[in-house]
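Spelled out, the chains give:
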Amino acid sequence: MQTSSFLPWVIAAVVVFWMVGAYNRLVRLRSDANAAFAALETELSRQVQLVHACIPPEEDQGQSQFAGGSAFWGGLQGAAAQLAASLASARTRPLDPDRIAALGAAQEVLAMAWDRAERDDAHDLAGPRLPDNLNGERAQLVRMAQAATEHFNQAVANYNHAIAQFPAVLLAWLFGFQPARGLRARV
């Protein structure tokens, strides 16, 4: 008789221990995704810094090696400013799908601005507007950002998979774990 009254307590203990373990796993996976975003943010911030370091402000462009085409350089600076603003917004909630979508769009705008700088029609007869070392540094930063993007996307996929599994989906619903969105890798 005593064994039968002990069984519900054992079952309750197992359920509680499972819930604590599952909740801790969800928190850890969310934390991993946030940490992966921090690494991604560092790499994307370096791209913004490259624009600010190598492209002079519009008022100084007449005296620099980048003379001419102020609208072009203004576009590159504007794209970098957009990426910086999107990073600042996503930093507060890195798993918010809308903020990550805006970050991806800003990243694409900056990539298009750089692509425009590298196209043949963006150069004059005196030679390229962008020095080779700048192109090389940018290419390295893009590769590093792609690796950070892949790491972030994998962390988001792990998190999304965990919150969608039964019975952890019940805990995810109970504690407000929302699906996240990965960042589209630029190729």
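Further up the page is the structure itself.
Residues numbered from 1 in each chain as written. Predicted model: local features only at pLDDT ≥ 70, side-chain atom pairs only at ≥ 80, totals over all residues. Heavy atoms only, no water.

Quick look at the environment of Arg-99 now. Among the secondary structure elements, Arg-99 is positioned in helix α3 (residues 97–118). Relative accessible area serves as the criterion here: at 25%, Arg-99 is assigned to the partly exposed category. Through-space distance from the C-alpha of Arg-99 to that of Ala-88 is 9.7 Å; in sequence the pair is 11 residues apart. (Helix = DSSP H or I, 4+ residues; strand = E, 2+ residues; numbered from the N terminus. Buried < 20%, exposed > 50% of the residue type's maximum accessible area, 1.4 Å probe, protein only.)

All right, on to the packing of aromatic side chains then. The final tally for this structure, using the stated rule, is 4 aromatic pairs. With a centroid separation of 4.8 Å and an interplanar angle of 55°, the aromatic rings of Tyr-23 and Phe-175 are classed as tilted. In this pair, Tyr-23 sits in helix α1 (residues 2–54) while Phe-175 sits in helix α5 (residues 168–175), placing the two residues 152 residues apart along the sequence. Look at Tyr-23 and you get partly exposed, because its relative accessible area is 30%. Given a relative accessible area of 44%, Phe-175 falls into the partly exposed group. (Phe/Tyr/Trp six-rings, centres within 6.5 Å; stacked < 30°, edge-to-face > 60°.)

Moving on to the layout of surface pockets. Size it by volume and the largest pocket reaches roughly 190 Å³. Forming the walls of the largest pocket are 13 residues, and the residues nearest its centre are Arg-93, Leu-95, Asp-96, Tyr-159 and Gln-178. For the lining of the largest pocket, a count of residues per class yields 6 nonpolar, 4 polar and 3 charged. (1 Å grid on protein atoms, 1.4 Å probe; cavity = no way out; pocket = protein on both sides within 12 Å on 5 of 7 lines; lining within 4 Å. Points joined across faces, edges and corners; volume = space filled by probe spheres on them. Nonpolar A, V, L, I, M, F, W, Y, C, P; charged D, E, K, R; others polar.)

On to the nonpolar core, then. Core analysis: the biggest nonpolar cluster contains 41 residues, and Phe-37, Leu-83, Leu-103, Leu-110, Trp-114 and Phe-152 have the highest contact counts within it. Residue assignment for this core shows that the elements contributing at least two residues are α1, α2 (70–92), α3, α4 (132–164) and α5. If you tally residues by element for this core, the top one is α1, at 11 residues. The contact partners of Leu-110, leaving out residues within four places of it in the chain, are Gln-47, Val-51, Leu-76, Ala-79, Ala-80 and Leu-83. (Core = buried A, V, L, I, M, F, W, Y, C linked by side-chain atoms within 4.5 Å. Contact = heavy atoms within 4.5 Å.)

With that out of the way, let us pick up the pattern of salt bridges. For the coordinates displayed, the defined rule picks out 5 salt bridges. The salt bridge partner of Asp-32 is Arg-28, with a shortest N-O separation of 3.5 Å. Here Asp-32 pairs with Arg-28, and both are found in helix α1, just 4 residues apart, close to one helical turn. Take Asp-32: its relative accessible area is 36%, and that puts it in the partly exposed class. A residue is classified by how much of its surface remains accessible, and Arg-28, at 43% relative accessible area, is partly exposed. When the shortest N-O distance is used, the salt bridge between Glu-43 and Arg-46 registers 3.0 Å. Of this pair, Glu-43 and Arg-46 both sit in helix α1, 3 residues apart, which is roughly one turn of that helix. What makes Arg-46 partly exposed here is its relative accessible area of 34%. (Salt bridge = Lys/Arg side-chain N within 4 Å of Asp/Glu carboxyl O.)

So yeah, pure geometry; function would need other evidence.
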